[in-house]
Amino acid sequence: MELTEEEKEMLEGKQGNAVKKSMEILVALGEIFGAKRLIPVKSVQISGVSYDNLGDAGLEFLEEMAKDGKVVVKTTLNPAGMDMENWEVLGIPKEFADKQKMVIKAFEKMGVETTCTCTPYFIGNKPGFGDHIAWGESSAVTYSNSVLGARTNKEGGPSSIASALTGRTPEYGYHLDENRKPKVLVEVEAELKNPSEFGALGKILGEKLEGRVPLINGIRKASTDDLKSLSASIVTFGGAPLFHIEGITPEKHERPEETIKVLRDDIEKAINDMNDGIEDVDFIFLGCPHCSLEELEKIAGLLKGKKVKKELWIGVARPVKKLADEKGFSKTIEDSGAKFACDTCHVVAPLKGRFKTIATNSAKGVFYGRGRNDFKTFFGSLDKCIDMAVR
Ligand code: F3S
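Computed from a predicted structure; not experimentally measured.

(A) Region of the structure containing the domain arrangement of the chain. Splitting the chain by domain gives domain 1 (5-177), domain 2 (181-273) and domain 3 (283-390). The C-alpha centroid of domain 2 is placed 28 Å from the C-alpha centroid of domain 1. In this complex, domain 1 contributes 17 residues to the contact, which on the side of domain 2 involves 17 residues. For the pairing of domain 1 and domain 2, the buried interface totals around 1,400 Å² over both sides, and the portion due to carbon and sulfur atoms is 69%. Together, Thr-142, Ser-146 and Tyr-174 form the three largest contributors to the area buried by domain 1 at its contact with domain 2, with a combined 36%. For the pair domain 1 and domain 2, the interface holds 0 salt bridges. On inspection of domain 1 and its partner domain 2, the count reaches 2 residue pairs in polar contact (both at pLDDT 80 or more).

(B) Expanded view of the sheet that holds strand 4 (residues 134-135). One open sheet holds the 3 strands; their spatial order is 3-2-4, and the pairing between them is parallel. Of all the strands in the sheet, just strand 3 (74-77) and strand 4 have a single pairing partner and so form its edges. Pairing of strand 2 (residues 43-46) with strand 4, which is carried by 2 bridges, proceeds in the parallel orientation. Each bridged residue has a counterpart across the sheet, and for Val-44 the counterpart in strand 4 is Ala-134. Docked against the sheet, helix 6 (residues 157-166) engages strand 2, strand 3 and strand 4, running at close to 150° with respect to strand 2.

(C) Focus on the environment of Lys-269. Here Lys-269 shows up in helix 9 (residues 264-273). C-alpha of Lys-269 to C-alpha of Ile-204: the two residues are 65 residues apart in sequence and 9.4 Å apart in space.

(D) Examining the pairing of strand 10 (residues 283-286) more closely. Because side chains alternate across strand 10, one face comprises the buried residues Phe-283 and Phe-285, and the other comprises Ile-284 and Leu-286, equally buried. With helix 10 (residues 293-303) bridging strand 10 and its parallel neighbour strand 11 (residues 311-316), the resulting β-α-β unit is right-handed. Direction of pairing for strand 10 relative to strand 13 (residues 357-360): parallel, over a ladder of 2 bridges. Along strand 13, the bridge assignment pairs Phe-285 with Thr-360.

(E) Here's a closer look at the nonpolar core. The biggest cluster of nonpolar side chains holds 45 residues, and the ones touching the most others in it are Leu-62, Leu-77, Phe-107, Met-110, Ile-161, Phe-283 and Phe-285. Listed by contribution, the elements that provide at least two residues to this core are strand 2, helix 3 (51-66), helix 4 (94-109), helix 6 and strand 10. There are two domains that each give this core at least three residues, and those are domain 1 (5-177) and domain 3 (283-390). If sequence neighbours within four positions are ignored, Phe-285 has contacts with Trp-313, Gly-315, Ala-341, Thr-344, Cys-345, His-346, Ile-358, Ala-359, Thr-360 and Asn-361. Membership of the second largest hydrophobic core comes to 38 residues, among which are Ile-133, Ala-140, Phe-198 and Ile-234.

(F) Seen up close, the environment of Gly-353. Considering the arrangement of structural elements, one finds Gly-353 in the loop between strand 12 (339-342) and strand 13. Along the sequence, Gly-353 and Asp-374 sit 21 residues apart, while their C-alpha atoms lie 8.2 Å from each other.

(G) Representation of the site of the ligand. Close to the ligand lie Pro-79, Cys-118, Glu-137, Ser-139, Gly-287, Cys-288, Pro-289, Cys-345, Val-347 and Lys-364. Across the shell around the ligand, the residue classes break down as 6 nonpolar, 2 polar and 2 charged. Summarising the domain contributions, the shell around the ligand has at least three residues from each of domain 1 (5-177) and domain 3 (283-390).

Cut-offs applied
- Residues numbered from 1 in each chain as written.
- Predicted model: local features only at pLDDT ≥ 70, side-chain atom pairs only at ≥ 80, totals over all residues.
- Heavy atoms only, no water.
- Domains from an automatic or database assignment.
- Contact = heavy atoms within 4.5 Å.
- Buried area = accessible area lost by both parts, 1.4 Å probe.
- Salt bridge = Lys/Arg side-chain N within 4 Å of Asp/Glu carboxyl O.
- Polar contact = N/O pair within 3.5 Å; in protein donor to acceptor, adjacent residues only side chain to side chain.
- Pairing = 2+ DSSP bridges.
- Helix = DSSP H or I, 4+ residues; strand = E, 2+ residues; numbered from the N terminus.
- Axes fitted to C-alpha atoms, helices over the stretch in contact; angles between N-to-C directions.
- Buried < 20%, exposed > 50% of the residue type's maximum accessible area, 1.4 Å probe, protein only.
- Right-handed = clockwise from strand over helix to strand, strands pointing away.
- Core = buried A, V, L, I, M, F, W, Y, C linked by side-chain atoms within 4.5 Å.
- Near = heavy atom within 4 Å.
- Nonpolar A, V, L, I, M, F, W, Y, C, P; charged D, E, K, R; others polar.

Encoded structure:
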């Protein structure tokens, strides 16, 4: 890989140990994937923030990097293993909380904005069309590539930190035009009614396309929440972190020859596959990916004057929750007994063994609820999940 004079010096350690280590990571990655050079990035989103995933070895790596490493571009964090303010309310053990705080402290020392969310585009980390970025969380990567037209590979924890500390990433994969071209035309012959049905479409495409980028036709309108749900599920179920929808997403491409159809029956089947046939649940999680303000408004409307009878958590970025506070949505939600889970979610929090069943409107939530926490799942629309919570 060809490096500039400055990059060579960074690799030699002239800008400190953390930058040296970062360059070693980026150069090794670039060489594995055949990158010709490093390119500048405009922003970074770091994954691997929960102590549940990092463990002590991960924490040690972060503390080492924080000794002399400072971020040089806008950098935010993926969800942590707990709500950084209200962890006790959510039943997180103190020993875990202490370690999680050490993780966040290390990031803070590096100059990272320690807002922990998988929807950085709702809190000011929103790249523009064509911007090169280095993001880690799969749903956010897919949303930024597809909906915003930015360019990123799905970075791991160490490589995203390396990009934050150097402002660079190796140029390969989805940074390059040729890898962004669609390979399969998907004709959707079903009207998708809500974000969970977009999640079901993502499951179908993720499983069918074997990593090929789709150009989707037949969707007349899609809200931000629909697109964030599709972004989360398509990549979770095995798809590429990039899709195009004719008339909706910003990149323009020729139609590929190979065509597949998605019918109403396929959507219904995908929905059925994500339901374990349970009548009741002991846990409900909404906000996977983290809720938009519009979703919080809807949840507040559905919970108004009601009391939840199960544990209901709502995942959200703290700044979005603050907006909901100002609009009065948060009070209505909390008056019902539902709990906000800012900074975290049902997948990265240490929940294994605590609940047996989950209701969620997120296809990604089903995938990880089953795979990581052995939950039996109820999958349905936001309205149906709220219904499960209050009855
Ligand atoms: Fe976000 Fe957690 Fe879902 S990181 S996309 S809420 S699994």
